[in-house]
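Chain by chain, the residues run as shown.
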Amino acid sequence: MIAKTTLVTGFLGSGKTTTLLHLLAQKPAGERWAILVNEFGEIGVDGALLAESGAVLKEIPGGCMCCVNGLPMQIGLNTLLQRSAPDRLLIEPTGLGHPKQILSLLTSPIYESWLSLQATLCLLDARQLGDPRCRDNENFRDQLAAADIIIANKQDRYAPEDRALLAAWEREYGGGRSMIPATRGEIDLSLLDAPRLNLRELPAGRHHHRHDAPGAGLAALRLPGNTGWRRALNQGQGYHASGWIFDGDTLFDTVGVLEWARLAPVERVKGVMRIAEGTLLVNRQGRDLQIETRPAPPPDSRIELINPAPADWNALQSSLLRIRLCLPD
Ligand SMILES: Nc1nc2c(ncn2[C@@H]2O[C@H](COP(=O)(O)OP(=O)(O)OP(=O)(O)O)[C@@H](O)[C@H]2O)c(=O)[nH]1
Ligand SMILES: [Mg+2]
């Protein structure tokens, strides 16, 4: 069985997971789908969002991107292909990663009899074209350069100037590729069968850290004692992340979590938290905060913050700990 494989790229918060959820909701009964997801942060939240989507899921923990895109990605891919023999495989790499390594992995001869790579779909929030931190980011640019089809997502949020930026980008860099407008990642399933046409050679992504530099790469911190939670820090690609994971018994104050997520002085917040009513999902990109509740409680609570500059993680942690309702014994 050869898995039809689609790489869904796009910068941080552009709507990759939302798009996967939309595609999964259209999965024909009887087909077996698998998802491989890799996040920048060590405390994966996208996996929890995709967990009940009806596909076999494999998460690659965050960490240093040049390392994660190598062996861990390959091991995750092999496990998925061998154990679940999917009809279709969808891959969401981190929004802060460079597409070159994952594309060379997927097109390497060892996978020829396992998967057939279809068009790469790149999610673009056109508002990011007006933000120099995105526009000048090599990974942002190369994700777009490597795409076969660009999904101009979040159309509901565009101002006229964002549309103008998008049109200018398309004129200069589009190269005749399809640009599909979308809201909430609502794209047609047939895009998964579009062929891969863009075979341009990308420059290799630069490594943005040295492995021997203090504090570089992943630094997971297990706190002493039976505290029922732990924190993991990560940095690389010009971004910093801090994530917290709490055991399933820890209950959070709903309003407290919403305020914390709204006010945290960071670019990106993603969380799946246990509240008295079940599960609270929080997802913030810039100032856009989306929330959702589900009646079933999550197996654990996890929340991740990502920012271009380091934030005061300890202060954020103290306020997060204060909004727990039940403290474990
Ligand atoms: N208003 C609006 N919000 C959207 C749209 N698509 C996605 N979002 C929201 O944007 C936020 C980020 O979406 P995700 O799907 O998590 O983005 P992502 O690219 O997977 O993010 P990372 O994995 O962190 O890079 C979420 O709060 C989504 O609900 C859209 O079309 N319009
Ligand atoms: Mg995602």
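Just so it is clear, the model here is predicted, and its values are computed rather than measured.

Draft legend 1. Region of the structure containing the overall build of the chain. Helix and strand counts for the chain stand at ten helices and 17 strands. Every one of the 329 residues in the chain was classed for burial, and the buried ones make up 54%. Across the chain, the fraction of contacts at a sequence separation of at least 24, relative to all contacts at a separation of at least 6, is 72%. For the chain, the accessible surface area stands at approximately 14,600 Å², while carbon and sulfur atoms represent 53% of it.

Draft legend 2. The arrangement of helix 1 (residues 16-25) in detail. Buried within helix 1 we find Lys16, Thr17, Thr19, Leu20, Leu23 and Leu24. Summarising the axial view, the buried residues of helix 1 lie within an arc of 155°, below the 170-degree limit, and thus occupy one face. Looking at the packing, one finds that the buried side of helix 1 touches strand 1 (3-10), strand 2 (33-38), helix 2 (46-50), strand 4 (88-92) and strand 6 (121-125).

Draft legend 3. Representation of the nonpolar core within the structure. Trp244, Trp260, Ile303, Leu305, Leu316 and Leu320 are the most contacted members of the largest nonpolar core, which has 22 residues in total. Among the elements that line this core, the one with the most residues is helix 10 (residues 313-322), at four residues. When residues no more than four places from it in sequence are discounted, the contact partners of Leu305 are His240, Ala241, Ser242, Trp244, Trp260, Ala264, Val266, Arg268, Val269, Trp313 and Leu316.

Draft legend 4. Quick look at the packing of aromatic side chains. This model, assessed by the stated rule, comprises six aromatic pairs. Seen from their ring centres, Trp244 and Trp260 are 5.9 Å apart, and the 80° between their planes marks the pair as edge-to-face. One end of the pair, Trp244, is in strand 11 (residues 239-246); the other, Trp260, is in helix 9 (residues 254-263), and 16 residues separate them in sequence. Of the two residues, Trp244 and Trp260, neither departs from the other in class, the shared state being buried. Taken together through their ring pairs, the aromatic side chains of Phe11, Phe140 and Tyr239 make up a single cluster.

Draft legend 5. Examining the packing of helix 4 (residues 71-84) against helix 5 (residues 99-106) more closely. Where helix 4 meets helix 5, the axes come as close as 11 Å, and the angle between the chain directions of the two elements is 40°. As the angle between them shows, helix 4 and helix 5 are arranged oblique. As for how helix 4 packs across helix 5, the hand of that crossing is right-handed. Only Ile102, Leu105 and Leu106 of helix 5 make contact with helix 4, whose side of the interface consists of Met73, Gln74 and Leu77. Split by residue class, the contact of helix 4 with helix 5 holds five nonpolar, one polar and no charged.

Draft legend 6. Representation of the pattern of salt bridges within the structure. Enumeration according to the criterion identifies 15 salt bridges in this entry. Note that Lys4 is salt-bridged to Asp193, the shortest N-O span being 3.0 Å. Note that Lys4 is positioned in strand 1 and Asp193 in the loop between strand 8 (178-181) and strand 9 (217-221), a separation of 189 residues in sequence. A salt bridge links Lys270 to Glu39, with the nearest nitrogen and oxygen atoms 2.6 Å apart. Residue Lys270 is found in strand 13 (residues 268-275), and its partner Glu39 is found in the loop between strand 2 and helix 2; the two are separated by 231 residues along the sequence. Comparing Lys270 with Glu39, the two get one shared label, buried. Counted as one network, the salt bridges with shared partners bring together Asp125, Arg127, Lys154, Asp156, Arg157 and Asp288.

Draft legend 7. Structural detail: the side chain of Arg268. By the element assignment, Arg268 lies in strand 13. Polar side-chain contacts of Arg268 include one of 3.5 Å to the side chain of Gln285. When neighbours within four sequence positions are excluded, Arg268 is seen to be in contact with Leu12, Gly13, Asn283, Arg284, Gln285, Glu304, Leu305 and Ile306.

Draft legend 8. Molecular detail of helix 8 (residues 160-173). Along its 14 residues, helix 8 runs 20 Å from first to last C-alpha, staying within 8% of the 20 Å computed at 1.5 Å per residue. Within the sequence span of helix 8, burial applies to Asp162, Leu166 and Trp169. Down the axis of helix 8, the buried set is contained in an arc of 65°. They therefore lie on one face. The exposed set on the far side of helix 8, more than 90 degrees from its buried face, consists of Pro160, Glu161, Arg171 and Glu172. Buried-residue contacts for helix 8 involve strand 6, helix 7 (138-146), strand 7 (149-153) and strand 8. Immediately beyond the C-terminal end of helix 8, within one or two residues, lies Gly175, with a positive phi of roughly 60°.

Draft legend 9. Broad picture of the site of ligand 1. In the vicinity of ligand 1, 20 residues are found, and the nearest of them are Lys16, Thr18, Asp156, Arg184 and Lys270. The separation between an oxygen atom of ligand 1 and a polar main-chain atom of Gly15 is 2.9 Å. A distance of 3.0 Å separates an oxygen atom of ligand 1 from a polar side-chain atom of Glu92. Burial of ligand 1 by the surrounding chains reaches 96%, relative to a free accessible area of 660 Å². It is helix 1 that provides the largest number of residues to the shell around ligand 1, a total of three residues.

Draft legend 10. Spatial organisation of the environment of Ile180. Relative to the helices and strands, Ile180 resides in strand 8. Since its relative accessible area comes to 24%, Ile180 is described here as partly exposed. Along the sequence, Ile180 and Leu121 sit 59 residues apart, while their C-alpha atoms lie 10.0 Å from each other.

Rules of the game
Residues numbered from 1 in each chain as written. Chains lettered and ligands numbered in written order. Predicted model: local features only at pLDDT ≥ 70, side-chain atom pairs only at ≥ 80, totals over all residues. Heavy atoms only, no water. Helix = DSSP H or I, 4+ residues; strand = E, 2+ residues; numbered from the N terminus. Buried < 20%, exposed > 50% of the residue type's maximum accessible area, 1.4 Å probe, protein only. Contact = heavy atoms within 4.5 Å. Areas by Shrake-Rupley, 256 points an atom, 1.4 Å probe, with all protein chains shown as cover. Arc of directions from axis to C-beta. Core = buried A, V, L, I, M, F, W, Y, C linked by side-chain atoms within 4.5 Å. Phe/Tyr/Trp six-rings, centres within 6.5 Å; stacked < 30°, edge-to-face > 60°. Axes fitted to C-alpha atoms, helices over the stretch in contact; angles between N-to-C directions. Parallel < 35°, antiparallel > 145°, perpendicular 65-115°, else oblique. Left-handed = near helix turned anticlockwise from the far one by under 90°. Nonpolar A, V, L, I, M, F, W, Y, C, P; charged D, E, K, R; others polar. Salt bridge = Lys/Arg side-chain N within 4 Å of Asp/Glu carboxyl O. Polar contact = N/O pair within 3.5 Å; in protein donor to acceptor, adjacent residues only side chain to side chain. Expected span 1.5 Å × (residues − 1). Near = heavy atom within 4 Å.

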